[in-house]
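For reference, the chains in residue letters:
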Amino acid sequence: MATPSDSEAGPNPKPVEELETESATNDEHHGEDEDEIEDEEEEEEGDDEEEAEEDETPAAQRENINRLFRRLSGGPVRLRVQDIIIRGNTKTKDALIEAEVLDAFRSACSMQELIQAAGLANTRLRQLDIFDSVSITLDSGPSELPGTANVVIDVVEARNPLTGEFGAYSKPEARSWSLEGSLKLKNLFGYGDIWDASGAYGFGQTSEISAGVSLPRFKAISTPLTTRVSLLSQDWLKFSSYKERLLGLSVGLISTGNHDLAYNLTWRNLSDPSHMSSKTIRRQLGHSLLSSLKYTYRIDHRDSNLRPTRGYAFLSTSQFGGLGPDSRIIRFIRQEFDVRGAFPLGFYNAAVNFGVAAGAIMPWGRGFMDSTSPLPERFYMGGHSSPICSLGGPTSLLGFKLRGVGPTDERRAILTKHGEDEATTPSGRIASPGGDAIGGNLAVTAFADLSFDLPLKLFRESGVHGHMFLNTGNVVDLTLAEFKNFSFRGFLETFRSSAGFGIIFPTRFFRMEINYCYILKQLQHDHGKTGIQFSFSTP
Amino acid sequence: MEMADEREEEAKQEVVLVARKGGFGLPTACPVCLPVYCHLRFANVDFKLEFDRANPDSDHIPYVEYGDHVTFNNEKGGVIECLNEDNVVKLDSQLSKDCFPDWASTKVMISTWLAEAVQYELWVSCDNTIADDIYFSDLPWPIGKILHWKQTQAVKQLHGITKLNAAEKEEEIYRKANIAYEALSMKLGSQVFFFEGRPTSVDSLFLGHAVFVLHVLPETSVLRSSLSKHANLLRFVQDCKIRLLEDSYSSATGPAFSSDASSSSIPRRKGSKQNAKTKPKEKRERTEEEKAFRRRAKYFIAAQVVSIVIYLSILGGMGDSGLEDGDEDGLAYEE
C-alpha cells in the first residue's frame, strides 16, 4: 500500500513507508512530531532523475498518504519493532543510544505507539546534549517477518565538542556583581559523558572553581550520575565575621524528576581574618570534615515557576551528616519542608499564592545534648529573594537584609584609651561593635501573595504584573538541652513580619521585582528596613 | 532573674584561656600555649581553661577572653604583651629601669632562639607522633595528614631549611640553643626567679619552654639533653612546676570543647572537669576508643557491602535486555 518516497527503493520489493521524526537541537517545534505524521523527504541534491520521478507521482503519493491516515485513524495498526539500526555515531557507543531508546520501543506494538515512542526516543537522545541532530525513521522489517518494522536512528555528533559560556551577573542583595564562565567538553569517551569546568568570581563575596563530569547512565544504573569537585570561598565577614573555604567532592547518585540523592564530602575551613568575631563564631572557627547524604523529594504541579496561578508544590530535603566510622566528622541531621499552593481568583488574571516552610537541625553522637549544630548548616533568614519562584526552604523574608533575622552574638569589643574616640563609653570601649548573625536551628516562614494584571495593555502583553504580599517568619537557636523549656507561645510571639506591594518583571531567565516593603514587626537585633527594594529570583 | 543576671555578669567577666589540648601530663601540650598558661598562673589570675581542637595551623591561638574582650596571640606582640598592656596581668609593669635592658634581651633570646629550636625538633627532627597527638588527633585523618605536611613545610621554609643545608641549619639551631641555656643558667644562678626575685614574663616564657622540652620531647632529644646539663635550670622548672602545674591539675575547672578527647572538633557549650590523672585515663580511653572505632568500622563496612549488593541486585533485575523476538501476536501489517 505504501508509496515509496525515495527512488532508491533497494532490494526490498515491498512498499516502504517512511515516517520520519526529525529534529535538530535548535528545533522548537519538536512537540508537533508526536502528533503528526510528516512525510518529509530527504533527497540527495542534484539528482535530476529522482526529481523527475518525484514530479511524476505526487498524486499517487498523496493518495497513499491519505489512505494511511484513514487507516491509522480507524484503529490500531499492529506493528512491532524488529531491529534498531544506528547510523552516524563514530564516537558514541551503540549501547548508550540503544539504552536510551529501547524502553520506548519495546513496549510499542502498534503504529500509533511506535510513532509516539519515536518522539519520546528522539527527546531522550536530544537531552543527552551530545548530538547536533537526531533523526528517527521507521522502515519495514524483513520480508519474512510480516508486521515488523525497523527503527533507523541517524545521529549527527556534535561537530565541536567544546563549548563555553561567559557572563556577568548582578546580585543586588549582596550589592555585588559576579563574573561566571564555564567550559564544557561533550562525549569525550563516547559514553555521553559531559565534562565541564566552571569558575565564578563575585566581587566581595563568593568565588568558586569547580569541575565535574556527568554520565547519563553507568552500567546498571539507569539514572544520570554526576560527580563534581569544587573549591569555593565565601565571605560572610560583613554578616557573621567569618570566611568560609570549601574543598568538596559531590556525587549525584540518583537524579530523577522527583527524587534526588547526592553524597557530599567536603573539607571546610572557617576563619576570621578580621579578628572581630563574637564568642559563638570563634568557637566554631577551624577545620572540619563534612560527609553527608542529602535526599530531596520535590513535586511541582504549579502551572508556572515565574507566575504560578494554580497548582501546588512540595519539597522535602533531608540531610544526614557524619557518614563514616570517624567520630570526628561533623554529625548532624537537617530537615526542611516547603509547601506552596496557588489558586486563581477569576478576574484580572489574579491569583493567590501561599506557602509555609519549616526547618530544623540537630547534632547527634556522643554528647549531642550539649553540642551545637555546625554554623554553615544552620538556618539564616533574610534577603530579597522572592519566596514564590523557587522552593528554597525557610530562608526568605522580604524587607529584611541577608541574614538579617535571627539570633545574634555581640562582636568583640576593643579597648581604647579615654578621649581617643567620641563613641566610646566611659569604660573606654567602643559603644556598639555590632553583632554576628549566628543562625538558628529551628526556622519557620509563611507568606501570602496576591498577583494581578496591571491596567495597561503593554504590561499585560509583556507579562508585567503587580502583587501584594505578606511575609512572616521566625528563627531561633533552640538546643536540645533547652527544648524542655521551649514555649510555643513565646515562639509565636517573636515572629517577624512584613507587608508590601510591587511590580514584577518576568523575563525568560529570571524574575525581577520592585517592591515597597513595610516592616510590621522586628526585634532588637534584626536588620529590617522599610522602603523600596529590588529583588532578583531565578526559578 | 536577678540570679541569672548575676551569673551572666560573672560569666562575662571571667577570664578564659583558649589553648590547644593537654597531654603528656601537661594541662596544655602546645609549646606556644604553655608560656601563656604559666603567665596567668604566676599572676594568680583565676581563669578557665578551654581547648580549641580545630585550628592546628592558626597563629591566633592561644587567646584570652575577659568579658567581651579578646586578645589573640597574633596581635600586638602576642597574648602576654596584650595582657600586660590591658593591665589584666601586671607582672612586667613594675620592672625597674636598671634591669629592663637585660630583661628585654633575655626575653628576645627565649622567644627566638629557644622557640626556633623547639619548632625544629617538633616539626622536623622528631617523630611525627608528637605533633599529631598535640595538634591533629582531634581532626579527621585526611585533614590531619595534609595539615601536618603543610605545617612541616612551613617550618622548613621559615628557617630556610633545604636538603642541602639541613645539617648546617641543625647545627646552628642547636648552637644558639646551647648559648641560650648557658646564658640563662648564668643569669638565674641560685635565684628563685630570673629578675628581681619575682616572676615576670621571662620566667613564664622559659618555664613554658622547659616544661615542654622535658615532658613532651623524647629522651633522645638533643634539646632535652642540652637543658639537662644545667642543674639550676632544672631546679627552677621543678619548683615552678610543683607550684603551678600540679596545683592546676588537681583543681582545674577548664571545660573542654567536648568531653571526649577524640570527639568532633565542634566545641561544647558546657564543659566537663578535667581528671587529675589524665595520662593513665587517656590510655584507657584510647584503648576503648580503638575498640569502639574498630567495631564501628566493621559495622559500617558491612552495611555498605550489604546495601551495594541489594542495590545492584535490584537494578540488575531491571537491567536492559534486547528486543524480544517473536511476539506471540505477530499480526502482520496489512494493507
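Cut-offs applied
- Residues numbered from 1 in each chain as written.
- Chains lettered and ligands numbered in written order.
- Predicted model: local features only at pLDDT ≥ 70, side-chain atom pairs only at ≥ 80, totals over all residues.
- Heavy atoms only, no water.
- Helix = DSSP H or I, 4+ residues; strand = E, 2+ residues; numbered from the N terminus.
- Buried < 20%, exposed > 50% of the residue type's maximum accessible area, 1.4 Å probe, protein only.
- Contact = heavy atoms within 4.5 Å.
- Areas by Shrake-Rupley, 256 points an atom, 1.4 Å probe, with all protein chains shown as cover.
- Salt bridge = Lys/Arg side-chain N within 4 Å of Asp/Glu carboxyl O.
- Pairing = 2+ DSSP bridges.
- pLDDT = per-residue confidence, 0-100.
- Phe/Tyr/Trp six-rings, centres within 6.5 Å; stacked < 30°, edge-to-face > 60°.
- Lys NZ or Arg CZ within 6 Å of the ring centre and 35° of its normal.

Here's the deal with the overall build of chain B
Alright, step 1. A tally of regular secondary structure across chain B gives 11 helices and four strands.
Alright, step 2. For chain B, the residues scored as buried account for 45% of the 335 residues in total.
Alright, step 3. By sequence separation, contacts in chain B at least 24 residues apart represent 70% of the contacts at least 6 residues apart.
Alright, step 4. Total accessible area computed for chain B in this model is approximately 17600 Å², and 53% of it derives from carbon and sulfur atoms.

Side note on the overall build of chain A
Alright, step 1. In terms of regular secondary structure, chain A is built from eight helices and 22 strands.
Alright, step 2. Here the contacts in chain A between residues at least 6 apart in sequence split such that 58% fall between residues at least 24 apart.

As for the pattern of salt bridges
Alright, step 1. One pass over the structure, following the stated rule, counts 28 salt bridges over all chains.
Alright, step 2. One continuous salt-bridge network, built from bridges that share partners, spans R282 and R283 of chain A together with E50 and E65 of chain B.

Brief notes about the pairing of strand β21 (residues 511-521) of chain A
All names here are of chain A.
Alright, step 1. Relative to β21, strand β20 (residues 496-506) runs antiparallel, the two sharing 10 bridges. Residue pairing across strands places I503 opposite I514, the latter belonging to β21.
Alright, step 2. Sheet analysis places β21 next to strand β22 (residues 531-537), joined by seven bridges and oriented antiparallel. Bridged to I514 within β22 is F534.

Concerning unusual backbone geometry
Residue and element names in this part refer to chain B.
Alright, step 1. That bond from I61 to P62 is cis: its omega, 10°, falls within 30 degrees of zero.
Alright, step 2. Tracing the sequence through the fold places P62 in the loop between β2 (47-51) and β3 (63-66).
Alright, step 3. The phi dihedral of K76 is positive, around 50°, even though this residue is not glycine.
Alright, step 4. When you line up the elements, K76 lands in the loop between β4 (69-72) and α3 (79-85).

Observations concerning the confidence of the model for chain A
All names here are of chain A.
Alright, step 1. The share of residues in chain A with pLDDT of 70 or more is 83%, and the mean pLDDT across the chain is 80.
Alright, step 2. Counted against residues more than four places away or in other chains, residues 1-54, with its pLDDT under 50, gives 92 contacts.
Alright, step 3. Scored below 50 in pLDDT, residues 171-175 shows eight contacts in the model against residues more than four places distant or in partner chains.

Quick word on the packing of aromatic side chains
Alright, step 1. Counted according to the given criterion, the structure contains 20 aromatic pairs over all chains.
Alright, step 2. Ring geometry for F42 of chain B against F193 of chain B: centres 5.9 Å apart, planes inclined by 85°, an arrangement best described as edge-to-face. Of the two residues, F42 of chain B is situated in helix α2 (residues 33-42) and F193 of chain B in the loop between α7 (166-188) and α8 (201-215); the sequence distance between them amounts to 151 residues. Exposure class is identical for F42 of chain B and F193 of chain B. Each is buried.
Alright, step 3. On the basis of an interplanar angle of 50° and a centroid distance of 5.3 Å, the ring pair of Y63 of chain B and F72 of chain B is categorised as tilted. Here Y63 of chain B matches F72 of chain B in class, with each residue buried.
Alright, step 4. By the ring-pair criterion, three or more aromatic residues cluster together here, those being Y297, F314 and F337 of chain A.
Alright, step 5. In this structure, K93 of chain A is placed above the aromatic ring of Y191 of chain A, and the distance from its NZ or CZ to the ring centre is 5.4 Å.
Alright, step 6. Geometry around Y380 of chain A places R403 of chain A over its ring, the cationic atom sitting 3.6 Å from the centre.

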